[in-house]
Amino acid sequence: MKRFMLFAATAILGVTAVHANSTDHRRDVEQWRADRVARLTAPAGWLSLIGLEWLQPGDNRIGSAADNDIVVSAMPAYLGVVNLRADGSVHLALAADSGALIDGKPLREATLVDDVQAGEGAPTLVSMGTVSFLVIDREGRKGLRIKDTEAPTRRDFVGIDYFPIDSAWRIEADWVPASAGQTLEMGTVIGTTEKYPVPGTARFSRDGKTFEILPVIEVPGDAQYFVVFADRTSGRETYGAARFLYIDPPKDGKVTLDFNKAYNPPCAFTAFATCPLAPPENRLDLRVTAGEKNYRGGHAD
């Protein structure tokens, strides 16, 4: 992947690093790191992904046999047929001897609820042994996200490398509320574009310059805002496409950006994720030497 060529910086307002107790801050970041690794390595975590298969209109036969339309070696020879209907719905008919469960039940067929339709609920999960899959919707394009608890990426996980914890990268930024209806477009690694509501702008100073970063509301009702950013370490010490960061909503006109909690997207670990790319507005002309570094486990940009 090419390095980012556009970076965002302005010279408007100045802010300072948060002067938190360094011992408490270190403990907080260390606990956050432990929780992050636990989620990543969980049986259904991102490391368990083994496939992302986009459905074609009509019947899509799935199983481990070579004559299936979708071949997944960890599945039975002929699991069944996934039908993408003209109205966009997805119907699954399982083979009689598949041994698969639909949402934990021994059903033979069902219409599958995708991750967008599910909203705050859960999409339909089809499982067999260590393998499971669900339907995802990306701008109307339907695909199967397939996981295996015995995936090599999970089994051979080598851990995460970090920059040293530095309380100077826990920054208190000025918050400027967004205008009504403001949105931010972000491309994805699969070539689609997604649009998110922008609640406001965070402005902070570093190395004598002032920068802006635009958080978004990833899902309506979320308790935190979502930041997708790149910087001068991207494609070098850190993952090239972007890093992620969650922040709490503003209080008294301020937000805290703790870049020690900047982390790699799923695409840094697996080729089967659909991650957003850092938008031009969030490409910082700054070396953010905090948070997660490149993953050295084998998957490249």
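The structure displayed is predicted, hence computed values, not measured ones.

Trainee: Whenever I open this one, the sheet that holds strand β9 (residues 131-138) confuses me. Can you help?
Mentor: One key point about sheets: their strands pair by backbone hydrogen bonds, in either a parallel or an antiparallel sense. Across the sheet, five strands lie side by side as β1-β10-β9-β8-β6; this open sheet has antiparallel pairing. Sheet topology places β1 (49-54) and β6 (101-102) at the edges, where each strand pairs with a single neighbour. Alignment of β1 against strand β10 (residues 141-148), held across five bridges, turns out to be antiparallel. Among the inter-strand pairings, Gly-51 is bridged to a residue of β10, identified as Ile-146.

Trainee: Please clarify how the side chain of Arg-283 should be interpreted in this entry.
Mentor: By secondary structure assignment, the location of Arg-283 is in the segment after β18 (254-258). Of the side chains with opposite charge, Glu-281 lies nearest to the buried Arg-283, which makes no salt bridge, at 7.1 Å. Among the polar contacts made by the side chain of Arg-283, one reaches the main-chain carbonyl oxygen of Ala-278 at a distance of 2.8 Å.

Trainee: Is there a simple way to explain the pattern of salt bridges in this structure?
Mentor: Where charged atoms of side chains with opposite charge meet at close range, the side chains can pair. Tallying each qualifying case throughout the model produces 15 salt bridges. Its salt-bridge partner being Arg-138, residue Asp-115 comes within 2.8 Å of it at the nearest N-O pair. Taken together, the positions of Asp-115 in the loop between β7 (109-112) and β8 (126-128) and Arg-138 in strand β9 put the pair 23 residues apart, joining distant regions of the chain. Residue classification places Asp-115 among the partly exposed positions, given a relative accessible area of 22%.

Trainee: Would you take a moment to explain the pairing of strand β4 (residues 80-84) for this structure?
Mentor: Regular strands have side chains that alternate between both faces of the sheet. The buried count for β4 comes to four of five residues, which makes it a mostly enclosed element. Where strand β2 (residues 58-63) lies against β4, five bridges are found, and the strand directions are antiparallel. In the sheet register, Ile-62 faces β4, and the bridge partner there is Gly-80. Pairing analysis gives five bridges linking β4 to strand β5 (residues 90-94), with the strands arranged antiparallel.

Trainee: Please explain unusual backbone geometry as it appears in this structure.
Mentor: Trans peptide bonds make up most of the peptide bonds, and negative phi angles are found at most residues other than glycine. Although it is not a glycine, Asp-103 adopts a positive phi angle of roughly 50 degrees. Mapped onto the elements of the fold, Asp-103 is located in the loop between β6 and β7. With relative accessibility at 45%, the residue Asp-103 sits in the partly exposed group. Of note, Asp-207 is a non-glycine position whose phi angle comes to about 55 degrees, a positive value. Overall, Asp-207 belongs to the exposed group, its relative accessible area being 66%.

Trainee: Would you take a moment to explain the packing of aromatic side chains for this structure?
Mentor: What characterises a pair of aromatic rings is the spacing of the ring centres plus the angle enclosed by the ring planes. Tallying each qualifying case throughout the model produces eleven aromatic pairs. Here Phe-244 and Tyr-263 contribute two aromatic rings whose centre-to-centre distance is 5.7 Å and whose plane-to-plane angle is 90 degrees, an arrangement assigned as edge-to-face. With Phe-244 in strand β17 (residues 243-247) and Tyr-263 in the segment after β18, the pair connects residues that are 19 residues apart, well separated along the chain. In this pair, the class of Phe-244 matches that of Tyr-263, namely buried. An aromatic cluster of at least three residues, connected via ring pairs, comprises Trp-32, Phe-226, Phe-244, Tyr-246 and Tyr-263. The ring of Tyr-162 has Arg-33 lying over it, and the distance from NZ or CZ to the ring centre is 3.8 Å. The positively charged end of Arg-206 is found above the aromatic ring belonging to Trp-169, 3.7 Å away from the centroid.

Trainee: Help me understand the side chain of Asn-264 in this model?
Mentor: Considering the arrangement of structural elements, one finds Asn-264 in the segment after β18. With near-sequence residues (within four places) excluded, Asn-264 lies in contact with Arg-36, Tyr-239, Arg-243, Phe-269, Glu-292, Lys-293, Asn-294 and Tyr-295.

Trainee: Before we go on, may I ask you to explain the state of the cysteines in this structure?
Mentor: One covalent bond between the sulfur atoms of two cysteine residues makes up a disulfide. In total, this model carries one disulfide according to the counting rule given. With a sulfur-sulfur separation of 2.4 Å, Cys-267 is cross-linked through a disulfide to Cys-275. Linking Cys-267 and Cys-275, the disulfide has an S-S dihedral of approximately 105 degrees and is accordingly described as right-handed.

Trainee: Would you explain the pairing of strand β14 (residues 200-206) in this entry?
Mentor: In terms of burial, β14 is largely enclosed, as six of its seven residues are buried. Note: β14 against strand β15 (residues 209-213), five bridges, orientation antiparallel. Bridging across to β15, Arg-203 finds its partner in Glu-212. Following β14, the chain reverses through two residues before pairing antiparallel with β15; Asp-207 in that reversal takes a positive phi of roughly 55 degrees.

Conventions adopted
Residues numbered from 1 in each chain as written. Predicted model: local features only at pLDDT ≥ 70, side-chain atom pairs only at ≥ 80, totals over all residues. Heavy atoms only, no water. Pairing = 2+ DSSP bridges. Helix = DSSP H or I, 4+ residues; strand = E, 2+ residues; numbered from the N terminus. Buried < 20%, exposed > 50% of the residue type's maximum accessible area, 1.4 Å probe, protein only. Lys, Arg positive; Asp, Glu negative; His and termini not counted. Salt bridge = Lys/Arg side-chain N within 4 Å of Asp/Glu carboxyl O. Polar contact = N/O pair within 3.5 Å; in protein donor to acceptor, adjacent residues only side chain to side chain. Phe/Tyr/Trp six-rings, centres within 6.5 Å; stacked < 30°, edge-to-face > 60°. Lys NZ or Arg CZ within 6 Å of the ring centre and 35° of its normal. Contact = heavy atoms within 4.5 Å. Disulfide = S-S within 2.5 Å.

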